[in-house]
Every structure is written in structure tokens, then in C-alpha cells.
Amino acid sequence: MATPRIVLFGATGFTGRLTAEALAARGARPLLAGRDQTRLTALADSLGGDLPTAVADVGRPESVRRIVAPGDVLISTVGPFVRWGEAAVAAATEAGAVYLDTTGEPTFIKRIFQRYGPAAAARGAALITAFGYDYVPGNLAAALALHKAGPGAVRVDVGYFVEGGMARRASAGTRASALGMILEPMYGFREGRIVPEHGRTRKFLVDGRVRHGLSIGASEHFTLPPAHPGLREVNVYLGWLGGLTRVAGVLAKATPTIAALPGIRRATEALADRVLRTGGGGAPAAAGRVVAHRRRGVRRGGPPPGRRPPRRRRPVRVHGRRAGLGGDDGAGRGGARHRCPGTCGRLRPRRAHAGVRRGGNDREGVTGVHTASCIGGRVFRD
């Protein structure tokens, strides 16, 4: 029987490269796997030159199965995972391997637990999904909070926050995954079961500041209840959007309707692909908050809101261009019409593209949303 190995699938991507460097620094010799042999060789050379490599592509699932053997540890960094992650999960499950991934995508997490979990248990495989910033710290912190609260705990709230602008500091893969999550159904844990959920928000007090979080599906909904049978409610919130969280909560309630619009999913995927091609970014700094509640008599809301510091208004980017005074007529001149730089490319009246304005009017240069006539009404900010 072959000696178990560490197999790093997606090694030449942003997260994969960081993982490879961390493993090599600790003396490990992972098998570096990915689609491009040239890039794999270059990565192996940069890490000492003697690491093994293998070509594997999610478009050819058999090539992924070939690189995984019983007892191996397969680390997958291939995202967005909802689109490209299943080949690695299936290979690890079939081989009886240990599987780790770096996803934060709720739909994929749910799929791991509900679709692959039983098969993995039957074959002796171990599947550990979302093994990164989201959602390992929340699982650990929640376990500590529940232990401190004791057996009377019936609810736990977990909050994830970042310092600074997430869009500026996250990797291209993270941004693409976030775009892919926009139209996916969310879920929560209520009264002992997984239930659909959209747009729930909560306030947290983090380092003396009031922070807003938007509910999201996560691994805590599946991992905490079995370990703490008294739990009746698990909530996980992301605070990446700052003061726009409450607006996002309102929009999230309309997700099922928006997702049903013709072409909207294809447009979102095309935008995610564009983000991946442009690349760039880095890991965000993190902060967090976990609250465990004992019984129904406890105050269920967050801490009282504090005074928010004044915010300087900035012009927004509409499909990568600044929406400034008077708009753009497509030739760099201010005017009443502009050419959409998104996928539609049509020359339209400015108001046809200005679905939402943040205070003031068009003449103040604060238009902020491209409507569905372009690429799905997405908001792009500096």
C-alpha cells in the first residue's frame, strides 16, 4: 500500500500558492496538482525544485480521481466551488481520503454535508469543508461560548467582520465566489432543522464599535447542533458590507425573484470569470463576535446602536467607470447619454441606467446602480 500523501489541487492559484508555500515551509512535500504543467513546474522550482506535480482538470473528473489514493489528504483550492469543486469531493469520497477545502460558499457547504456526507461515512472518507477564515474561527469560538454558557444554551450567533474594504483586499477567487453566492439560496438553523432564509440582519458590538451583519449559510449550522443537542437556533452573519448591510438585507429578500430573471445567472457567471481573469487582491484582516443565548427570556436583539462616524461620500463605479457629474457619452465627455461598458454596450439615456440614487440627483453625480438591461444590476464601488 502506498504511503499517504498530501495532494494540493489548484496549487497554482492564489490560495493554492499560499498553501503550497506554507506546507513547504513546514517541511511537507505535497503533490502539486493543477491544469497547467508549465505553471506547476515553475511553482515547484520556486519551492525548492523537488516537489512532485500532476496535471488534473475538473473538466476531466477521471484525471482528478487518478491523483487521489486511500488515506491521502486532498486539499482543494479550486473555486468558485459551486461551479468547479465537486470533482475533488467526489474523488476523495470514492478513494476514502481526507478532504479539505477553502470554500465559503453556502450552497457548496450544504451540498457537502447533505449529498456527500453519507457516502463519505460509508467509504471511510473524512470531508472537512470551509476550512479557512470562513468558517473555522466561528466554529471554534462558538464551541467555547456554548461550553461557557452550559447545557441551557439554546441559541448561538456568530459574526464575521473584516477591517478595511473587502473588495479591495480579497483575492480574485474570493471575489468571484462572492459574486457566485449572490443568487444562491441561503439557509439557517431553526427549531432543530435547516430552513431557507433570506435577508436577516443583526447588530454586534466589536471592539467598542457597532457592526452590522447579514445572515448567511455556513458550516456552523451543520457542525454545532450535533455537538450541542440543546441548540434550537444557529445564526451566522457576515459584516463585509459595513453600513450597506441593511440595504443588502432588503435586496437579499428579493433573491428568489431576481434569480428567476432570464439570463441573470449567466451574466453573474460571466462577471465572475472576468474577475478571475483580472486577478489581484490579498487576504482581509479579520475580527469576530460570538454570542451564546441561554433561554427565551434573554434579550434577543444585539447591543444598543452607537453613534456612527460621518462618512465621506464618494462617486461610485458603474461597470468600472466613475459615475461623475453629468455622466459620460461614451467618448469621455460629460453628457446626458453614456455607453454601457458592460455586456450590453448600448447607448442609452442616463436615467435608464440609474436604477437607484444615493441622495441628491443625477446632476450631483451620485448615481449608483446599473439596471438589469446591462449585467444584472450589480453595484460596483471604489
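Everything below is about the structure printed above this text.
The following paragraphs examine the structure supplied in this document. Note that the structure is predicted; figures quoted are calculated from it, not measured.

Here we look at the packing of aromatic side chains
Turning to step 1, where the next piece is worked out: Inspection of every chain in the model, using the stated rule, returns 7 aromatic pairs.
Turning to step 2, where the next piece is worked out: On the basis of an interplanar angle of 45° and a centroid distance of 5.5 Å, the ring pair of Phe 81 and Phe 108 is categorised as tilted. In this pair, Phe 81 is assigned in helix H4 (residues 81–84) and Phe 108 in helix H6 (residues 106–123), connecting sequence segments 27 residues apart. As far as the burial class goes, Phe 81 and Phe 108 line up, both buried.
Turning to step 3, where the next piece is worked out: Plain terms: the ring middles of Tyr 187 and Phe 222 are 5.6 Å apart, the flat faces sit at 65° to each other, and that makes the pair edge-to-face. Taken as a pair, Tyr 187 in strand S8 (residues 187–190) and Phe 222 in helix H10 (residues 220–227) lie far apart in primary sequence, 35 residues in all.
Turning to step 4, where the next piece is worked out: With relative accessibility at 1%, the residue Tyr 187 sits in the buried group.
Turning to step 5, where the next piece is worked out: Relative accessible area serves as the criterion here: at 13%, Phe 222 is assigned to the buried category.
Turning to step 6, where the next piece is worked out: Taken together, the aromatic side chains of Phe 113, Tyr 187 and Phe 222 make up a single cluster linked through ring pairs.

Observations regarding the packing of helix H7 (residues 136–149) against H10
Turning to step 1, where the next piece is worked out: For the pair H7 and H10, interaxial distance at closest approach is 10 Å and the crossing angle is 30°. Between H7 and H10, the angle falls in the class roughly parallel. In this structure, H7 crosses over H10, and the sense of that crossing is right-handed. Between H7, through Gly 138, Asn 139, Ala 142, Ala 143 and Leu 146, and H10, the contact on the second element is made entirely by Glu 220, Thr 223 and Leu 224.

Notes on the sheet that holds strand S1 (residues 6–9)
Turning to step 1, where the next piece is worked out: Taken together, the 6 strands give an open sheet; going across it, the order is S3-S2-S1-S4-S5-S6, and neighbouring strands pair in parallel fashion. Two strands in the sheet have a free side with no partner beyond their single neighbour: strand S3 (53–55) and strand S6 (126–128). Strand after strand, the sheet turns through a mean of 20° between neighbouring axes, direction not considered.
Turning to step 2, where the next piece is worked out: Summarising the sheet, strand S5 (residues 98–101) and S6 pair through 3 bridges and their orientation is parallel. Residue pairing for S6: Tyr 99 is matched across the bridge by Leu 127.
Turning to step 3, where the next piece is worked out: Together, strand S2 (31–34) and S3 form the strand contacts of helix H2 (residues 37–46), whose direction differs from that of S3 by roughly 165°.
Turning to step 4, where the next piece is worked out: Across the sheet, H6 is in contact with S5 and S6; its angle to S6 comes to roughly 170°.

About the cut-offs
- Residues numbered from 1 in each chain as written.
- Predicted model: local features only at pLDDT ≥ 70, side-chain atom pairs only at ≥ 80, totals over all residues.
- Heavy atoms only, no water.
- Phe/Tyr/Trp six-rings, centres within 6.5 Å; stacked < 30°, edge-to-face > 60°.
- Helix = DSSP H or I, 4+ residues; strand = E, 2+ residues; numbered from the N terminus.
- Buried < 20%, exposed > 50% of the residue type's maximum accessible area, 1.4 Å probe, protein only.
- Axes fitted to C-alpha atoms, helices over the stretch in contact; angles between N-to-C directions.
- Parallel < 35°, antiparallel > 145°, perpendicular 65-115°, else oblique.
- Left-handed = near helix turned anticlockwise from the far one by under 90°.
- Contact = heavy atoms within 4.5 Å.
- Pairing = 2+ DSSP bridges.

Read these as geometric descriptors, not functional statements.
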